[in-house]
Amino acid sequence: MSDLRPQVLVAGGGPGGSTAAALLARQGLDVLLVEKAVMPRYHIGESLLPSCLKIFDLLGLRERIEGYGFQRKDGGYFDWAGEVWEVDFSTPAKPLYGFQVIRSEFDQLLLDHAREQGVTVWEGTEVRDLAFEDRRPVRARCETSDGERRDVSFDTLVDASGRAGLMSRRYLKNRRYHDAFMNVAVWGYWRDAKRLSTGLTGAIATCSIPLGWTWAIPLHDDTLSVGVVLHRDRLKQLRKHQSLEAIYESAVASSRVLTPLLEGAELTGPLRSETDYSYAAETFAEPGYFLVGDAACFLDPLLSTGVHLAMFSALTAAAGIASVLRGEVEEEEATTFYDSTFRRAYLRMLVVVSSFYQTHVEKDVHFKRAQRLSARDYQGEELIDAFINIVSGVEDLYDVEELRADRLVDVMTRLYDEHYSFVRRRQDWEGLPLDEIQRGMARLRVVDDVQEEFSLTPRTATNGLYVVEDPLGLARAGHPVTVATSSP
Ligand SMILES: Cc1cc2nc3c(=O)[nH]c(=O)nc-3n(C[C@H](O)[C@H](O)[C@H](O)COP(=O)(O)OP(=O)(O)OC[C@H]3O[C@@H](n4cnc5c(N)ncnc54)[C@H](O)[C@@H]3O)c2cc1C
């Protein structure tokens, strides 16, 4: 039995936990990370958004990731309810891209990096129980896979235990599932599949099918990850008389994009399946703890936002913890800042995913109805707050004062509809009247803004605070600060 006293205990070594731990160790903090599995371990969540580039820079990991050989991802290809378009992450001013990663390798790389930054890492060890003083977690009982008990006392807990949700499911009991997006994903890996022949390198293909939608993600080991997402009720109904394999096969065969890609290809290994219901904890942080990534909230994987939210929340939590320990802000300020910043980032994506379903899934009425946000899915005020940020650049198009929560998804849906019809007609822009081009460009900026995180600049400060990079911490908007320039 050992008794350790780190300043920060991180439970879970996925992208959220490893990012938070490494960033804190780089600030000189004493950090212990406890991971239940022994790496490398399998995980789903392979398609990364360009926002990860900034975090790789802050971690000092960009060069290693670039050199590793992961598939570079220049954008997305959509074939949705009969319409086809591409999303190119790059603009001439901003060369942006993401990666398609094999998560066992990516997660191991992040965890090894955390260790190299000075984090003490216990793999094959589970955080079993927490002890509290008032509401504050102060001690953990951990257990290795061969039964050795290890006790840990700490100042702050970063719960990055993913969907297992150590704090929110075991202790706070505050995880709330949304009515919308009650989906199940079934997926497998194909050898000898063809690659999409679009102009964008390594694009993810996201395609609607009568049953729901599919993903196709090219990986650097030359396999193609192919998933089918359908509503849980539909799956339950089909399972009465069909095997999972038969449902998957006929779903894949119904896609006009997948069929030619998979001609002559072979499924390697058994199918995997997971529910991907969306949820959020009622509280993301209080003095003494921060819930990071999936431990706090999860969003339907339609737009590949999971790792982005995990790494962004890890950055925000690490900045708050470092600032509190340096005495720059009060603990309660940091946890309130974290809760609002992360929640707004999550809610904004929730609106976008919802409007995306609404815009493009028209054929299967049941699927569409099942994916609508209901009033129980969010608090109106919070959602408006998150949404204002998106539409604030286009007051000329939408009267922001008039916005009500129940209209947000409709407004966003219209915005996306107009945006994509404008993008699809890109080759005709030269022939369009100037004011139409200007309106189209304004919408492009709005859709770009969806990618921009809150609270990383004085302009997007939350409760008057924002994250600064050097040293990593929180600053008050309006106060002079040194901001390191490491934008991608
Ligand atoms: C079907 C599906 C498809 C997806 N596709 C994408 C995608 O394309 N792109 C994307 O960005 N995201 C995707 N996601 C989401 C993505 O998988 C997650 O959002 C992401 O992995 C969250 O990272 P995390 O660090 O919060 O949690 P995780 O990566 O889940 O890491 C949590 C870690 O905590 C450990 N742990 C759990 N309990 C304990 C404990 N008590 N003690 C110690 N360790 C513990 C676990 O072993 C695990 O390693 C998808 C999800 C699903 C379900």
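Residues numbered from 1 in each chain as written. Predicted model: local features only at pLDDT ≥ 70, side-chain atom pairs only at ≥ 80, totals over all residues.

1. Quick look at the overall build of the chain
We apply this condition: We count a stretch as a helix when DSSP gives it H or I for four or more residues in a row; a strand needs E for two or more, and each element gets its number in order from the N terminus. Three exposure classes are used. Buried residues have 20 or more other C-beta atoms within 10 Å of their own C-beta, exposed residues have 12 or fewer, and partly exposed residues fall in between, all C-beta atoms being placed from the backbone. By the convention adopted here, residues are in contact when the distance between their C-beta atoms, placed from the backbone, does not exceed 7 Å.
Assigned secondary structure in the chain consists of 14 helices and 24 strands. Looking at the chain residue by residue over its 488 residues, the buried ones come to 47%. Put simply, of all contacts in the chain between residues at least 6 apart along the chain, 73% involve residues at least 24 apart.

2. Let's talk about the nonpolar core
Selection criterion: Structurally, a nonpolar core is described as a collection of buried Ala, Val, Leu, Ile, Met, Phe, Trp, Tyr and Cys residues joined by way of C-beta atoms within 7 Å.
Core analysis: the biggest nonpolar cluster contains 96 residues, and Ala20, Leu24, Val292 and Ala318 have the highest contact counts within it. With residues up to four places along the chain from it excluded, the contact list for Val292 reads Gly16, Gly17, Ala20, Val158, Asp159, Ala160, Ala310, Ser313, Ala314 and Ala317. In this structure, Val186, Ala216, Tyr248 and Ala251 belong to the second largest nonpolar core, which totals 26 residues.

3. Digging into the environment of Asp233
For Asp233, the location among the structural elements is in helix 6 (residues 232-239). On the basis of neighbour counts, which here come to 13 C-beta atoms within 10 Å, the residue Asp233 falls in the partly exposed class. Along the primary structure Asp233 and Met182 are separated by 51 residues, whereas in three dimensions their C-alpha atoms are 8.5 Å apart.

4. As for the site of the ligand
Where we set the bar: Using a C-beta atom placed from the backbone for every residue, we mark a residue as near a molecule or strand if that atom lies within 6 Å of it. Under the convention adopted here, Pro, Cys and the residues Ala, Val, Leu, Ile, Met, Phe, Trp and Tyr are nonpolar, Asp, Glu, Lys and Arg are charged, and Gly plus all remaining residues are polar.
Near the ligand there are 37 residues, and of these Gly14, Gly45, Gly162, Gly293 and Gly306 occur at the shortest range. Those elements that provide at least two residues to the shell around the ligand are helix 1 (15-26), strand 9 (125-133) and helix 9 (306-325). At 4 residues, the largest contribution of residues to the shell around the ligand is made by helix 9. Here the residues of the shell around the ligand sort into 15 nonpolar, 14 polar and 8 charged.

5. Some details on helix 7 (residues 244-253)
Every α-helix carries 3.6 residues per turn, so stepping three or four residues along brings you back to the same face. Defined as follows: Summarising the geometry, the arc corresponds to the directions from the helix axis toward the C-beta atoms.
When we look at burial in helix 7, the residues that qualify are Tyr248, Ala251 and Val252. Relative to the axis of helix 7, the buried residues are bounded by an arc of 95° and lie together on one face. Exposed residues on helix 7 whose side chains face more than 90 degrees from its buried face are Ala246 and Ala253. In this structure, the buried side of helix 7 is in contact with strand 14 (183-191), strand 15 (204-209), strand 16 (212-218), strand 17 (223-231), helix 8 (258-262) and strand 18 (266-275).

6. What to know about the sheet that holds strand 19 (residues 279-281)
This is how the line gets drawn: At least two DSSP bridges between two strands are needed for those strands to be called paired.
The 3 strands are arranged 13-19-22 in an open sheet whose pairing can be described as antiparallel. Across the chains shown, the open sheet's two edge strands, defined by having one partner strand only, are strand 13 (175-177) and strand 22 (297-298). In terms of strand pairing, strand 13 meets strand 19 through 3 bridges, oriented antiparallel. Within strand 19, the residue paired with Arg175 across the bridge is Ala281.

7. Quick look at unusual backbone geometry
Here the amide bond leading from Met39 into Pro40 is cis, since omega sits at 0°, within 30 degrees of zero. Relative to the assigned elements, Pro40 resides in the loop between strand 3 (31-34) and helix 2 (52-59). Between Asp470 and Pro471 the backbone carries a cis peptide bond, its omega angle lying at 0°. The topology assignment puts Pro471 in the loop between strand 23 (465-469) and strand 24 (472-476). Of note, Lys173 is a non-glycine position whose phi angle comes to about 50°, a positive value. Inspection of the secondary structure puts Lys173 in the loop between helix 5 (166-172) and strand 13. Lys173 sits in the exposed class, given 11 other C-beta atoms within 10 Å. The phi dihedral of Asp222 is positive, around 70°, even though this residue is not glycine.

No statement about biological role is implied by the geometric values presented.
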